[in-house]
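One-letter residues, chain by chain:
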Amino acid sequence: HFRNIELTAEFLGSKWMMTLFSCYLPHDTLIHVWDGFFMVGWKHVYKTSLGILRELEPEFLNRDMVEISDYMRKNLRINHANVYSLLQSSDRIKVTRSYLKRLREEFYIEDAKAKLNAEEAEWTDEQRGALLWAKREFEKFDEPTRRDVAMFQKKIEDIEKDLEGYQRQYLATRVEYLQLKSDIENSEEKREIYQDTLDTIQSLFYNRQAPKKKKFFKRLRGRKGKGKDKEIPVVLDQSPTGDQMNPDILKDKMPSAHDIKSWEEKVRDLEETTIIMKAQLKRVSQFYHDTQTKTEEIKVHKQRVSDQLRGYLEMNQKKQKETLKQLAMKLQVNGNVNFSTP
């Protein structure tokens, strides 16, 4: 909320920290806060500040910067007359020495960064040597860093182009694969229908020829058999019924040998077509699999290069932070800033 209304920490720090709350807290409350400061140190001051903000949070969330300033000037002493309530609220907040150390380090680093970005005319004689040193240090790796980052970005762009091409191939191959699979299923289903029709035609044709064969064998047995039984071929009645009957074929005439030959050719053509499509499906399936594998490999490669770029930038930021940290120490009196103690 403070960021949204552009209320900075300096607004509180300059009036709370520098005066140790003497401008805001009631005297009875202030005595206890100062006791904590002399016993614990700045850690107690930070906890008290956070405790005040926690208690006033419902009031601050509904106000802008001007309203908050006016509210704090008029009401803060009244709201914190109960010292025990404030101390209990502050004690529930955990502030560690390592956290204070990090805040202190970040403050000095940001201050050094601001001085480095300022015009050289604003530098003091004491600061000039340290700032010129930092400027030279940054120049050492600024240009190589820009060059290396540009190289990483170019590599990622090339990978993305390859990935886009393989993804298009992958999608096109997938469409072709699914279409071929559907065509094969339709062809096999059509072949089954043609085969059923062929079986029906053959059954009708050979059942119609059966009576002539029976007469022929009877004459043959009467002439040569003379009482001896001869094996007579039997043609089973396989007349189609229901859906097995093809009305277009049986509508006007009984099927002929020419009809059987014609349907046999249709079944054979469908079988050959299906075999060709299956071979084509096998090739497309292999290409589809290879394209999918290659696409995944490019994605992994892109992620690996992106991770390398991220690691390089993090390492570069770490070097910059270390340089700023050294600059912050140089900018202090005699370079005696020690980040190891809060």
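Now for a description of the structure that goes with this document. (Residues numbered from 1 in each chain as written. Predicted model: local features only at pLDDT ≥ 70, side-chain atom pairs only at ≥ 80, totals over all residues. Heavy atoms only, no water.)

## Describing the overall build of the chain
This is how the line gets drawn: Helix numbers and strand numbers start at the N terminus; a helix is a DSSP run of H or I with at least 4 residues, a strand a run of E with at least 2. Throughout, a contact is declared for two residues whenever any of their heavy atoms are within 4.5 Å. Where accessible areas are quoted, they stem from the Shrake-Rupley method and a 1.4 Å probe; at the residue level, only the protein chains shown are allowed to cover.
Along its length, the chain carries nine helices and zero strands. Put simply, the chain runs from its N terminus to its C terminus through helices and strands in the order α-α-α-α-α-α-α-α-α. Considering only contacts within the chain whose residues lie at least 6 apart along the sequence, 80% involve residues at least 24 apart. For the chain, the exposed surface amounts to about 23900 Å²; the carbon and sulfur share of it is 51%.

## Let's talk about the layout of surface pockets
Heads up, the condition is: A pocket, in this scheme, is an open set of points on a 1 Å grid over the protein atoms alone with protein on both sides within 12 Å along at least 5 of 7 lines, while a cavity is a set where a 1.4 Å probe fits but cannot get out; residues line either one if an atom lies within 4 Å of a point. Grid points are joined across faces, edges and corners, and a volume is the space filled by probe spheres set on the points. Classes in brief: Ala, Val, Leu, Ile, Met, Phe, Trp, Tyr, Cys and Pro nonpolar; Asp, Glu, Lys and Arg charged; the others, Gly included, polar.
As a volume, the second largest pocket reaches approximately 180 Å³. His-1, Phe-2, Leu-50, Leu-53, Arg-54, Glu-57, Phe-60, Leu-61 and Ile-93 together form the lining of the second largest pocket. By residue class, the composition of the lining of the second largest pocket is six nonpolar, one polar and two charged.

## Observations regarding the packing of aromatic side chains
Here is the rule: Centres within 6.5 Å are what make two rings of Phe, Tyr or Trp a pair, Trp counting through its six-membered ring; a difference in plane orientation under 30 degrees is then read as stacked, over 60 as edge-to-face, and the rest as tilted. Exposed residues in this analysis have more than 50% of their type's maximum accessible area, buried residues have under 20%, and partly exposed residues fall in between, with area computed by a 1.4 Å probe over protein chains only. Sitting over a ring, as applied to charges here, requires NZ of Lys or CZ of Arg to be within 6 Å of the ring centre and within 35 degrees of the ring normal.
Counted according to the given criterion, the structure contains seven aromatic pairs. With a centroid separation of 6.0 Å and 40° between ring planes, the pair formed by Phe-152 and Tyr-312 is classed as tilted. Highlighted residues: Phe-152 in helix 7 (residues 125-225) and Tyr-312 in helix 9 (residues 257-331), separated in sequence by 160 residues. A residue is classified by how much of its surface remains accessible, and Phe-152, at 10% relative accessible area, is buried. Judged by its relative accessible area of 16%, Tyr-312 falls in the buried class. Considering the side-chain rings of Tyr-170 and Tyr-288, the 5.4 Å spacing of their centres and the 10° angle between planes classify their relative orientation as stacked. One end of the pair, Tyr-170, is in helix 7; the other, Tyr-288, is in helix 9, with 118 residues separating them in the sequence. Each member of the pair, Tyr-170 together with Tyr-288, is buried. Among the aromatic residues, those joined into a ring-pair cluster are Phe-37, Phe-38 and Trp-42. The residue whose ring lies beneath Lys-330 is Trp-133, and the NZ or CZ to ring-centre distance is 4.9 Å.

## Focus on unusual backbone geometry
The backbone of Leu-20 shows a phi angle near 55°, a positive value even though the residue is not glycine. Relative to the assigned elements, Leu-20 resides in the loop between helix 1 (9-17) and helix 2 (27-40). One non-glycine residue, Phe-21, lies in positive phi territory at about 70°. The topology assignment puts Phe-21 in the loop between helix 1 and helix 2. Accessibility expressed as a relative area gives 1% for Phe-21, which makes it buried.

## With respect to the pattern of salt bridges
Heads up, the condition is: For this document, the term salt bridge refers to a Lys or Arg side-chain nitrogen within 4 Å of an Asp or Glu carboxyl oxygen.
The full count for this structure, using the stated rule, is twelve salt bridges. Glu-164 is the partner of Arg-168 in a salt bridge, and the nearest nitrogen-oxygen pair spans 3.3 Å. Placement of both Arg-168 and Glu-164 in helix 7 is noted, with a separation of four residues, approximately one turn of the helix. One salt bridge connects Glu-188 with Lys-278, and the closest N-O pair in it is separated by 2.9 Å. Here Glu-188 is found in helix 7, whereas its partner Lys-278 is found in helix 9, with 90 residues between them in sequence. With relative accessibility at 30%, the residue Glu-188 sits in the partly exposed group.

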